[in-house]
Amino acid sequence: MTTARPALDPELRDLLADMPLMSQLSTEILAQLRQYPSPPVDSLLAQRSADLREVTVPAEDGTPIRLSVFTPATADRTAGAPCVYWMHGGGMVMGDRFSQIDIPLEWLEEFGAVVVSVEYRLAPEVTGTTPVDDCYQGLLWVAEHAAELGVDPARIVVAGASAGGGLTAGVTLLARDLAGPAIAAQMLICPMLDHRNSTVSSRQYSGGPAVWTREMNEFGWRSVLGDLTDDEVPAYVSPALAEDLSGLPTTYIDTGSAEVFRDEDTDYATRIWAAGGQAELHVWAGGFHGFDALYPQARISATARRTRTEWLARLLHHA
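As a starting point, this report considers the structure included with it.

The rules behind these values
- Residues numbered from 1 in each chain as written.
- Predicted model: local features only at pLDDT ≥ 70, side-chain atom pairs only at ≥ 80, totals over all residues.
- Heavy atoms only, no water.
- Helix = DSSP H or I, 4+ residues; strand = E, 2+ residues; numbered from the N terminus.
- Buried < 20%, exposed > 50% of the residue type's maximum accessible area, 1.4 Å probe, protein only.
- Contact = heavy atoms within 4.5 Å.
- Areas by Shrake-Rupley, 256 points an atom, 1.4 Å probe, with all protein chains shown as cover.
- Salt bridge = Lys/Arg side-chain N within 4 Å of Asp/Glu carboxyl O.
- Polar contact = N/O pair within 3.5 Å; in protein donor to acceptor, adjacent residues only side chain to side chain.
- Pairing = 2+ DSSP bridges.
- Axes fitted to C-alpha atoms, helices over the stretch in contact; angles between N-to-C directions.

**Observations concerning the overall build of the protein chain**
1) Next: If you tally the helices and strands in the protein chain, you get 12 helices and eight strands.
2) Next: Reported as C-alpha extents along the three principal axes, the dimensions of the protein chain are approximately 55 × 40 × 40 Å.
3) Next: Each of the 319 residues in the protein chain was classed as buried or not, and the buried ones make up 56%.
4) Next: A fraction of 76% describes how many contacts in the protein chain between residues 6 or more apart in sequence connect residues 24 or more apart.
5) Next: By element, 52% of the accessible surface of the protein chain is carried by carbon and sulfur atoms, the whole surface being about 13,100 Å².

And the structure:
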């Protein structure tokens, strides 16, 4: 198969030239990467009129799971605000509840949304359904405490980037199948949906350094799947396996043309349409994995972020 790849957006290409890139992940490299924390959340809040409080909820096995709740400082707790329930990225193996938090905090400012971000447990310390189950328990807490949070339970949006996008899809499937909390919409940002690594785009981004490569993706999936064989992997963990994508809330999916997840993401949107569902799909030409989070100042990033916000505005207007 050809190793040709779609060209990077010229501005992104120039920005990426200064970034150290890898082709592989290992246990040793992961330990080093985990030493770099997310940017201090205080600096993000200093630019916004928002209050933060920390909540702990029990996971299914009783382990305490932390939720960070961001509320507009001037919020009317009786007004029924929209809520964005956020799941962070990091390949299932790194990151924390403040990773990429600037993305949903834009919606706090724009719509007065309450933002709740979950600190799900990471692989390889936990495996199987534990990360998605942790996220689902957090969603249950949000729905059960909607009145306390000043949230309209009919306007809860679940959202996440990369691994968090895959977890968002898994949580949405769980909520559908368990008759759980109503979800107004799911927003899947460059989501990690398919453990099989069998697409053309997966093979295109193999054998060389990038922001996220096929080899790094294989490490992440091996870490979370543990000893599970292919036929034992639940669709809640690898949502591309779900045979039935009917009955899902309206969905937003975006990805880059120059990234490993491109094909699994576009396929997920296509299958939602095939099941009679509603999905909006954007494939950003020349975008690499996570481009808009890494370089929000780039023109293509600003456009991608603005397009999501405009979609959310339409959704909330009619919710």
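Back to the write-up after that little detour.
**Description of the pattern of salt bridges**
1) Next: Under the criterion given, the structure shown has 19 salt bridges.
2) Next: The residue Arg305 makes a salt bridge to Glu106 at a minimum N-O spacing of 2.7 Å. One end of the pair, Arg305, is in helix H12 (residues 299-318); the other, Glu106, is in helix H4 (residues 102-111), with 199 residues separating them in the sequence.
3) Next: Accessibility expressed as a relative area gives 6% for Arg305, which makes it buried.
4) Next: With relative accessibility at 26%, the residue Glu106 sits in the partly exposed group.
5) Next: Between Arg196 and Asp194 there is a salt bridge, and its shortest N-O distance comes to 2.8 Å.
6) Next: Classification of Arg196 as partly exposed rests on a relative accessible area of 41%.
7) Next: Asp194 sits in the buried class, given a relative accessible area of 6%.
8) Next: Beyond isolated ion pairs, a larger network of salt bridges with shared partners links Glu54, Arg66, Arg97 and Glu119.

**Considering the side chain of Ser238**
1) Next: As for its position among the elements, Ser238 is in the loop between helix H9 (214-225) and strand S7 (250-256).
2) Next: There is a polar contact of 3.0 Å between the side chain of Ser238 and the backbone nitrogen of His195.

**Focus: the environment of Pro64**
1) Next: Mapped onto the secondary structure, Pro64 falls in strand S2 (residues 64-72).
2) Next: With residues up to four places along the chain from it excluded, the contact list for Pro64 reads Thr56 and Val57.

**Quick look at the sheet that holds strand S4 (residues 114-118)**
1) Next: With mixed pairing, eight strands are arranged side by side in an open sheet as S1-S2-S4-S3-S5-S6-S7-S8. A strand with exactly one partner marks an edge of an open sheet, and here the two such strands are strand S1 (50-58) and strand S8 (279-284). Here the strands of the sheet are splayed against their neighbours by 15° on average, with no regard to which way each runs.
2) Next: In the sheet, strand S5 (residues 151-161) pairs with strand S6 (residues 185-189) via five bridges, with the strands oriented parallel. The residue bridging Val157 from the neighbouring strand is Ala185, located in S6.
3) Next: Strands in contact with helix H7 (residues 163-177) are strand S3 (81-87), S5 and S6; relative to S5, the strand with the most contacts, it is inclined by about 140°.

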